[in-house]
Amino acid sequence: TQLRVRPSMFEKPTPQALIGIFGQTEQSEEDVEVVAIAREFGVPLLEVERLRKLFFRFDDDGDQLVSEHEWGGMIQHLLGIRDKYDIPSKLLQDCWHQMDKDGSGQVDFRE
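Rules of the game
Residues numbered from 1 in each chain as written. Predicted model: local features only at pLDDT ≥ 70, side-chain atom pairs only at ≥ 80, totals over all residues. Heavy atoms only, no water. Core = buried A, V, L, I, M, F, W, Y, C linked by side-chain atoms within 4.5 Å. Buried < 20%, exposed > 50% of the residue type's maximum accessible area, 1.4 Å probe, protein only. Helix = DSSP H or I, 4+ residues; strand = E, 2+ residues; numbered from the N terminus. Phe/Tyr/Trp six-rings, centres within 6.5 Å; stacked < 30°, edge-to-face > 60°. Expected span 1.5 Å × (residues − 1). Arc of directions from axis to C-beta. Axes fitted to C-alpha atoms, helices over the stretch in contact; angles between N-to-C directions. Parallel < 35°, antiparallel > 145°, perpendicular 65-115°, else oblique. Left-handed = near helix turned anticlockwise from the far one by under 90°. Contact = heavy atoms within 4.5 Å. Nonpolar A, V, L, I, M, F, W, Y, C, P; charged D, E, K, R; others polar.

Visitor: Quick question: what am I supposed to make of the nonpolar core here?
Guide: Nonpolar side chains tend to gather and get buried jointly when the protein is soluble and globular. The biggest cluster of nonpolar side chains holds 16 residues, and the ones touching the most others in it are Val48, Phe55, Trp71 and Met74. Looking at this core, the elements with two or more residues in it are helix 2 (29-41), helix 3 (45-57), helix 4 (68-79) and helix 5 (89-99).

Visitor: It is not clear to me how the packing of aromatic side chains should be interpreted in this structure. Could you clarify?
Guide: Centre-to-centre distance and the angle between the planes together describe a pair of aromatic rings. Scanning the model with the defined rule gives 3 aromatic pairs in all. Aromatic side chains Phe55 and Phe56 sit 5.1 Å apart centroid to centroid with 80 degrees between the ring planes, which places their arrangement in the edge-to-face category. Residue Phe56 is classed as partly exposed on the basis of its relative accessible area of 25%. With centroids separated by 5.6 Å and ring planes inclined at 70 degrees, the aromatic side chains of Phe55 and Phe109 adopt a geometry described as edge-to-face. Within this pair, whereas Phe55 is found in helix 3, its partner Phe109 is found in the segment after strand 2 (106-107), the two being separated by 54 residues in sequence. Judged by relative accessible area, Phe109 falls into the buried class, the value being 17%. Following the ring pairs from residue to residue traces out a cluster consisting of Phe55, Phe56 and Phe109.

Visitor: Please explain helix 3 as it appears in this structure.
Guide: Residues that lie three or four places apart on an α-helix share one face, since the helix turns once every 3.6 residues. Across its 13 residues, helix 3 extends 18 Å between first and last C-alpha, which sits within 8% of the 18 Å expected from 1.5 Å per residue. Of all the positions in helix 3, only Val48, Arg52, Leu54 and Phe55 are classed as buried. The arc that holds every buried residue of helix 3, seen down its axis, measures 165 degrees, which confines them to one face. Within helix 3, the exposed residues directed more than 90 degrees away from the buried face are Leu46, Lys53 and Arg57.

Visitor: Looking at this structure, I do not really get the packing of helix 4 against helix 5. What am I missing?
Guide: Helix-helix packing is characterised by the crossing angle of the two axes and by the distance between the axes. Two numbers describe how helix 4 lies on helix 5: the axes approach to 11 Å, and their chain directions differ by 115 degrees. One finds that helix 4 runs roughly perpendicular with respect to helix 5. The handedness of the crossing between helix 4 and helix 5 comes out as right-handed. Counted together, Glu68, Trp71 and Ile75 of helix 4 and Leu92, Gln93, Cys95, Trp96 and Met99 of helix 5 form the full contact between these two elements. Per-class residue counts for the contact of helix 4 with helix 5 are 6 nonpolar, 1 polar and 1 charged.

Here it is as structure tokens:
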């Protein structure tokens, strides 16, 4: 007896199929945002979700915004740097100002 495998078993499932599998009928606003960002920037969906979780992990006050101080901690974590003084503060400030496009002193995940 031979095992017959349908080719469709090896195809990448659509988001709608995954939603059906896991019993969700609607996508959350967060899911919609993650998908939109992944498409806009051409980044894999799982990578955007990983970065989103990291972003909100460093949102110390829960306001869904990251301040320059919170962002510095996130960059330190991403680069695996134990001592914050190992990163030149001028470099961090320059990077921050490129991210904080509106000059508000805070960035949201999309920004």
